[in-house]
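# Structural overview for review
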Amino acid sequence: MNDDQAPTYDGGCTCRFVRYRMSSKPLFVHCCHCRWCQRETGTAFALNAVIEADRVELLQGEVDVVVTASLSGKGQKISRCPRCRVAVWSNYAGAGDAVRFVRVGTLDEPDRLPPDIHIFTSSKQPWVVLPTGIQVVAEFYNASERWPKESLERWAALTASRALR
Ligand SMILES: [Zn+2]
Ligand SMILES: [Zn+2]
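What comes next concerns the included structure. What you see is a predicted model; the values in this text were computed from it and never measured.

## Quick notes on the coordination of the zinc ion (ligand 1)
Donor atoms from the polypeptide that coordinate the zinc ion (ligand 1) comprise Cys13 (SG), Cys15 (SG), Cys81 (SG) and Cys84 (SG), at 2.3 Å from the metal. Each of the four donor atoms around the zinc ion (ligand 1) contributes to a set of angles spanning 106 to 115°, which defines the coordination as tetrahedral. When the donors of the zinc ion (ligand 1) are listed by position in the chain, the intervening gaps give C-x1-C-x65-C-x2-C. For Cys81, a relative accessible area of 0% puts it in the buried group.

Structure follows, in structure tokens:
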């Protein structure tokens, strides 16, 4: 499906029952500082790689989908390992099932996917100091103004294929 040079990213849960592979780079990587992500992770922010769902292959195991309240009020579906309960990705109501938000910390090499943007920094923990030269927004943003051209093209292809169904 992808060209030969497409990088892949493997990851999984803590007990190793769930193993997955992202078959390409994500569209964009969010570091979300909203209160909901702080509560859900029990820490200062969530790090999510936004990617087409069909580019995330379950190599091993299965996931339990837990419907969880979200900031938008529309809910999110969090996919967790049925054994150790670690969350590996979510689907949000806004983007639907076609897009997954893979939790970067569950990758074997999370260092490969630093954030492209920091969002909801209006509720950022004051001791988290952001590097200079990175995109920062107080709340959310328009992808058309922030994403690289290649990601916008992939997004357009995704929405076109969904419309045809
Ligand atoms: Zn597990
Ligand atoms: Zn958040």
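## Re the environment of Leu47
Mapped onto the elements of the fold, Leu47 is located in strand E4 (residues 46-52). Taking C-alpha positions, Leu47 is 12 Å from Arg112, a pair spaced 65 residues apart along the chain. Ignoring sequence-local partners within four residues, the contact set of Leu47 consists of Val29, His30, Cys31, Val102, Arg103, Val104, Leu113 and Pro115.

## Digging into unusual backbone geometry
Residue Arg85 is not a glycine yet carries a positive backbone phi of 70°. Among the structural elements, Arg85 can be located in the loop between strand E7 (76-80) and strand E8 (87-92). Positive phi values are uncommon outside glycine, yet Phe120 reaches one of about 50°. Assignment of secondary structure puts Phe120 in the loop between strand E10 (117-119) and strand E11 (135-136). The class of Phe120 is buried, set by a relative accessible area of 15%.

## Details of the packing of aromatic side chains
Enumeration according to the criterion identifies seven aromatic pairs in this entry. Taken together, a centroid distance of 4.8 Å and an interplanar angle of 35° make the contact between Phe140 and Tyr141 tilted. Plain terms: the ring middles of Trp147 and Trp155 are 5.6 Å apart, the flat faces sit at 90° to each other, and that makes the pair edge-to-face. Under the relative-accessibility criterion, Trp147 is labelled buried at 10%. Grouped by ring-pair contacts, the aromatic residues Phe28, Phe120, Phe140, Tyr141, Trp147 and Trp155 constitute a single cluster.

## Brief notes about the layout of surface pockets
Gaps between atoms show up when a probe of the same size as a water molecule is rolled over them. Roughly 630 Å³ of volume is contained in the largest pocket. Around the largest pocket, the lining comprises 28 residues; the ones closest to its centre are His30, Tyr92, Gly94, Phe101 and Phe140. Per-element tally for the lining of the largest pocket: the top contributor is helix H1 (residues 35-41), with three residues. Partitioning the lining of the largest pocket into residue classes produces 18 nonpolar, seven polar and three charged.

## A closer look at the nonpolar core
Counting 18 residues, the largest nonpolar core has Cys32, Val99, Ile117, Ile119 and Tyr141 as the members making the most contacts within it. Only strand E3 (28-32), E4, strand E9 (99-103) and E10 provide two or more residues apiece to this core. Residues Val18, Tyr20, Val88 and Val102 belong to the second largest nonpolar core, which totals 17 residues.

## Describing the coordination of the zinc ion (ligand 2)
Surrounding the zinc ion (ligand 2) are the protein donor atoms Cys32 (SG), Cys34 (SG) and Cys37 (SG), at 2.1 to 2.3 Å. Between consecutive donor residues of the zinc ion (ligand 2), the sequence gaps follow C-x1-C-x2-C. The buried category is assigned to Cys32, whose relative accessible area is 5%. Residue Cys34 is classed as buried on the basis of its relative accessible area of 5%.

About the criteria used
Residues numbered from 1 in each chain as written. Chains lettered and ligands numbered in written order. Predicted model: local features only at pLDDT ≥ 70, side-chain atom pairs only at ≥ 80, totals over all residues. Heavy atoms only, no water. Donors = N, O, S within 2.8 Å, 3.2 Å for Na, K, Ca; no water. Tetrahedral: all angles 85-135°; square planar, octahedral: opposite > 155°, others 65-115°. Buried < 20%, exposed > 50% of the residue type's maximum accessible area, 1.4 Å probe, protein only. Helix = DSSP H or I, 4+ residues; strand = E, 2+ residues; numbered from the N terminus. Contact = heavy atoms within 4.5 Å. Phe/Tyr/Trp six-rings, centres within 6.5 Å; stacked < 30°, edge-to-face > 60°. 1 Å grid on protein atoms, 1.4 Å probe; cavity = no way out; pocket = protein on both sides within 12 Å on 5 of 7 lines; lining within 4 Å. Points joined across faces, edges and corners; volume = space filled by probe spheres on them. Nonpolar A, V, L, I, M, F, W, Y, C, P; charged D, E, K, R; others polar. Core = buried A, V, L, I, M, F, W, Y, C linked by side-chain atoms within 4.5 Å.

This is a description of form; function is not addressed.
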